[in-house]
Amino acid sequence: MAKNLIVGAGFSGAVLANKIVTELNEEVLIIDVKPHVGGNCYDYWDKNGICVHKYGTHIFHTNLKNVWDYVSQFTKWYPYRHHVKGYIDGQEVPIPFNINSIHKIFPKSIADKLEQKLIEKFGFNVKVPILKLRGSGDKDLEFLADYVYDKVFLHYTLKQWGMKPEDLDPAVTGRVPVYISKDDRYFQDTYQGIPMEGYTKLIEKMLAHPKIQVKLNTNFQEIKDKVKYDRIFYTGPIDEFFNYELGELPYRSLEFDFVEFNKPYFQSNSVINYPNNYTFTRIGEYKYFLDNQSDKTVVSFEYPQAFKRGKNDRYYPIVKQENLALYNRYLEKAKQTPNVYFLGRLGDYKYYDMDKAVARALELFESIKK
Ligand SMILES: Cc1cc2nc3c(=O)[nH]c(=O)nc-3n(C[C@H](O)[C@H](O)[C@H](O)COP(=O)(O)OP(=O)(O)OC[C@H]3O[C@@H](n4cnc5c(N)ncnc54)[C@H](O)[C@@H]3O)c2cc1C
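Residues numbered from 1 in each chain as written. Predicted model: local features only at pLDDT ≥ 70, side-chain atom pairs only at ≥ 80, totals over all residues.

Draft legend 1. Main features of the overall build of the protein. Per the secondary structure count, the protein includes 14 helices and 19 strands. Relative to a compact globule of 370 residues, whose C-alpha radius of gyration would be 21 Å, the protein shows 22 Å and is just as compact. Here the protein holds 370 residues, and 36% of them are scored as buried. Taking as baseline every contact in the protein between residues at least 6 positions apart, the subset at least 24 positions apart corresponds to 73%. (Helix = DSSP H or I, 4+ residues; strand = E, 2+ residues; numbered from the N terminus. Rg over C-alpha atoms; globule rule 2.2 N^0.38 Å. Buried ≥ 20, exposed ≤ 12 C-beta atoms within 10 Å, placed from the backbone. Contact = placed C-beta atoms within 7 Å.)

Draft legend 2. Seen up close, the sheet that holds strand S11 (residues 191-195). In spatial order, the strands read S5-S11-S6; together these three strands make up an open sheet with antiparallel pairing. Looking at strand neighbours, the two that pair on one side only are strand S5 (60-62) and strand S6 (77-78), the edges of this open sheet. Two elements, S6 and S11, share two bridges in a ladder whose sense is antiparallel. Bridge pairing links tryptophan 77 to proline 195 in S11. (Pairing = 2+ DSSP bridges.)

Draft legend 3. Helix H8 (residues 199-207), seen in detail. Of the positions making up H8, those classed as buried are Tyr199, Thr200, Leu202, Ile203, Met206 and Leu207. Take H8 and look down its axis: the buried residues cluster within an arc of 160°, on one side only. Where H8 is buried, its residues contact helix H1 (11-24), strand S2 (27-31), strand S3 (43-45), S11 and strand S12 (212-215). (Arc of directions from axis to C-beta.)

Draft legend 4. Spatial organisation of the site of the ligand. Close to the ligand lie 34 residues, the nearest being Gly8, Gly10, Gly39, Gly236 and Gly344. When residues of the shell around the ligand are traced back to their parent elements, those giving at least two are H1, helix H9 (220-223), helix H13 (344-347) and helix H14 (354-369). (Near = placed C-beta within 6 Å.)

Draft legend 5. Structural detail: the sheet that holds strand S7 (residues 84-88). Taken in spatial order, the seven strands make up an open sheet running S8-S7-S15-S16-S17-S14-S18, and their pairing is mixed. Across the chains shown, the open sheet's two edge strands, defined by having one partner strand only, are strand S8 (91-95) and strand S18 (316-317). Pairing of S7 with strand S15 (residues 271-273), which is carried by three bridges, proceeds in the parallel orientation. Bridge pairing links valine 84 to valine 271 in S15. Lying over the sheet, helix H6 (residues 139-161) contacts S7, S8, strand S14 (251-261), S15 and strand S17 (297-306), oriented at roughly 100° with respect to S7. (Axes fitted to C-alpha atoms, helices over the stretch in contact; angles between N-to-C directions.)

Draft legend 6. Here's a closer look at the packing of helix H4 (residues 108-122) against H6. Taken N-terminus to C-terminus, the directions of H4 and H6 make an angle of 105°; their axes are 10 Å apart at the nearest point. Taken together, the axes of H4 and H6 are roughly perpendicular relative to one another. For the pair H4 and H6, the contacting residues are Lys113, Leu114, Lys117, Leu118 and Lys121 in the first and Asp140, Leu141 and Leu144 in the second. (Parallel < 35°, antiparallel > 145°, perpendicular 65-115°, else oblique.)

Draft legend 7. Examining the nonpolar core more closely. By size, the foremost hydrophobic cluster in this structure holds 77 residues, and its most contacted members are Ala14, Leu16, Ala17, Ile30, Ile203 and Leu207. Shared between two domains, this core takes at least three residues from each, and those domains are domain 1 (3-82 + 191-247 + 317-369) and domain 2 (84-180). Filtering out sequence-adjacent residues up to four positions away, alanine 17 remains in contact with Ile6, Val28, Ile30, Met206, Leu207 and Ile212. (Core = buried A, V, L, I, M, F, W, Y, C linked by C-beta atoms within 7 Å. Domains from an automatic or database assignment.)

Draft legend 8. Molecular detail of H14. Taking 1.5 Å of rise per residue, the 16 residues of H14 would be expected to cover 22 Å, and the 23 Å separating its terminal C-alpha atoms lies within 8% of that figure. By the burial criterion, the buried members of H14 are Met354, Asp355, Ala357, Val358, Arg360, Ala361, Leu364 and Phe365. The secondary structure elements touched by the buried residues of H14 are H1, S5, helix H2 (65-71), strand S19 (340-342) and H13. (Expected span 1.5 Å × (residues − 1).)

Worth remembering: the numbers are spatial, not functional.
Written out as structure tokens, the structure is:
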């Protein structure tokens, strides 16, 4: 019987492990360097009964029915709808910037005019990239585009990425939208929610099978010469697998400063972005996700920083042509490495939302099943 080693017990690794044992009836050893399963989605219940996401706020949302159905085998969902507010010019306004945001920020006469012009030119319930507003030939809409660029995007980007928007892939800048709508939800996906018992429990259920062995605190680098497997599924960093021989793939990292407050709520919403003031980019307040009841509350202040190996964790791949070119060179090497499959946000050097990480793992499983 084939033996499978899966490196990484995040969503990607857990989905593969579950599919391999349930559909192929093969054995799986899944290892993780961390002391817990769940990868970046790991959460825990604190002493006040609040479910805290250790690596930043995570909201499950998808339009992929097969992904939703698959993940729903392992959890019930709390029907949470995500809203993000941005602290802009002293006001908390809906993000993405929409018609309600316009009315919160500008005097009524100006807001009415902007609303009318947006709807006339682009219609209702559409997301218009600010690049398009800038090229609209209308002075008022160009003013709006500049306002959103400056107050919502520019300084946030400087903090988040440590570089100017023009130094990132132009696709990122061009996509910043104004949402011509009064729908304040951050996601419009068909399926949305938070696992009722948390993400860690969900992943534990995926891995609860007699043919799956989980080994935590285990680094692939330290065991790779001692173990023999028919197939390896690697959800760790692809450059690390190849000992960085072509160079290091750059990432952006984050530091979370968790603070408990002795009051029921700290802020008016689960996530508030601070594009322009302060050195943190956002504050997440965790009790909102499952409506945990407590006299206390816990929040995290999120500070972006450079990724340094051995010092902090990889969070976001930095989307730049030269980095993607380097990744493609690793990909070529990967193709020449038999029986090793790379996947996940670190293996594919790609930002995946959870649903996309699950979809990728399901697709990879279908391809090896044949
Ligand atoms: C701040 C932040 C917020 C996010 N919010 C959302 C959200 O709201 N909604 C959403 O859908 N998605 C969100 N995401 C994305 C989500 O975190 C990813 O989709 C998900 O973590 C991908 O799972 P994965 O298994 O591919 O990677 P990971 O969860 O990173 O799992 C990889 C695992 O491999 C392990 N590993 C690495 N190297 C080794 C090694 N050498 N040996 C052993 N183990 C190793 C790691 O410890 C890790 O546990 C967010 C991401 C970030 C960074």
